[in-house]
Amino acid sequence: MVDLVNTERLAQGLAAYSVDSRLTAAARIQAADMACNHFTSHTGSDGSSVRVRVERQGYAWSWIGENFYVGGSGAQTAFDWWMNSTAHRNNLLSPNYTQFGAGYVYDADSDYGGYFVVVFARPG
């Protein structure tokens, strides 16, 4: 997912996002939460927003966003779906973010199998 996003950014004349481990952790936490607790939402099962999940990882942000995709079809399918959705494409190509983290969880017992989450941010 990291390569897909940054390759597209470079193709569009934008700087690549750098990967931040705290954003990656926040993304993985949300992916696991959705897979294990049988839901899909930007709000966690504990009521947390992406802002809260990122702050719990010790990241101070000035801009923040999140994309998620569910289904076991792979990273390319998730990326293509986001690129065909204006709001999600805007996150992928935003000049407001400088960093991101991607998380993926697969659970055969979950509702959708695979859960992709990408968290975008700019440090504050």
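Preceding this paragraph is the structure being described.
Everything quoted here is computed from the prediction, not taken from an experiment.

Caption draft 1: Region of interest: the overall build of the protein. Regarding its fold elements, the protein presents five helices and four strands. Element order for the protein, N to C, with α for helix and β for strand: α-β-α-α-β-α-α-β-β. Taking 2.2 N^0.38 as the reference for a compact globule, 124 residues should give roughly 14 Å; the C-alpha atoms of the protein span a radius of gyration of 13 Å, in line with that estimate. Summarising its shape, the C-alpha atoms of the protein cover approximately 40 × 30 × 20 Å along the three principal directions. Residues classed as buried in the protein amount to 47% of the 124 residues present. If you take every contact in the protein between residues at least 6 apart in sequence, the share linking residues at least 24 apart comes to 68%. Surface summary for the protein: the accessible area is close to 6000 Å², and the carbon and sulfur share equals 49%. Averaged over its 8 positive side-chain charges, the protein has a centre that lies 11 Å from the centre of its 11 negative ones.

Caption draft 2: How the structure looks around the pairing of strand β3 (residues 99-106). Among the eight residues in β3, six count as buried, and that is most of the element. Here β3 runs beside strand β4 (residues 114-123); their pairing, made up of eight bridges, is antiparallel. Directly across from Y104, in β4, lies its bridge partner F116.

Caption draft 3: Region of the structure containing the packing of aromatic side chains. A full pass over the atoms with the stated rule returns seven aromatic pairs. Summarising the aromatic geometry, the rings of Y69 and W81 are spaced 6.0 Å apart at their centres and angled 50° between planes, so their arrangement reads as tilted. Residue Y69 is located in strand β2 (residues 61-70), and its partner W81 is located in helix α4 (residues 75-83); the two are separated by 12 residues in the primary sequence. Feature note: the residues Y17, Y97, F100 and F120 constitute an aromatic cluster, connected by ring pairs. In this arrangement the basic side chain of R9 is found over the ring face of Y17, its NZ or CZ atom lying 3.7 Å from the centre.

Caption draft 4: Just the sheet that holds β3, in detail. Pairing is mixed in the open sheet, where four strands are placed in the order β1-β3-β4-β2. Only two strands of the sheet have a single partner each, and these edge strands are β1 (18-19) and β2. This element, α4, spans β2 and β4 of the sheet and lies at about 120° to β2.

Scoring rules and cut-offs
Residues numbered from 1 in each chain as written. Predicted model: local features only at pLDDT ≥ 70, side-chain atom pairs only at ≥ 80, totals over all residues. Heavy atoms only, no water. Helix = DSSP H or I, 4+ residues; strand = E, 2+ residues; numbered from the N terminus. Rg over C-alpha atoms; globule rule 2.2 N^0.38 Å. Buried < 20%, exposed > 50% of the residue type's maximum accessible area, 1.4 Å probe, protein only. Contact = heavy atoms within 4.5 Å. Areas by Shrake-Rupley, 256 points an atom, 1.4 Å probe, with all protein chains shown as cover. Lys, Arg positive; Asp, Glu negative; His and termini not counted. Charge placed at Lys NZ, Arg CZ, Asp CG, Glu CD. Pairing = 2+ DSSP bridges. Phe/Tyr/Trp six-rings, centres within 6.5 Å; stacked < 30°, edge-to-face > 60°. Lys NZ or Arg CZ within 6 Å of the ring centre and 35° of its normal. Axes fitted to C-alpha atoms, helices over the stretch in contact; angles between N-to-C directions.

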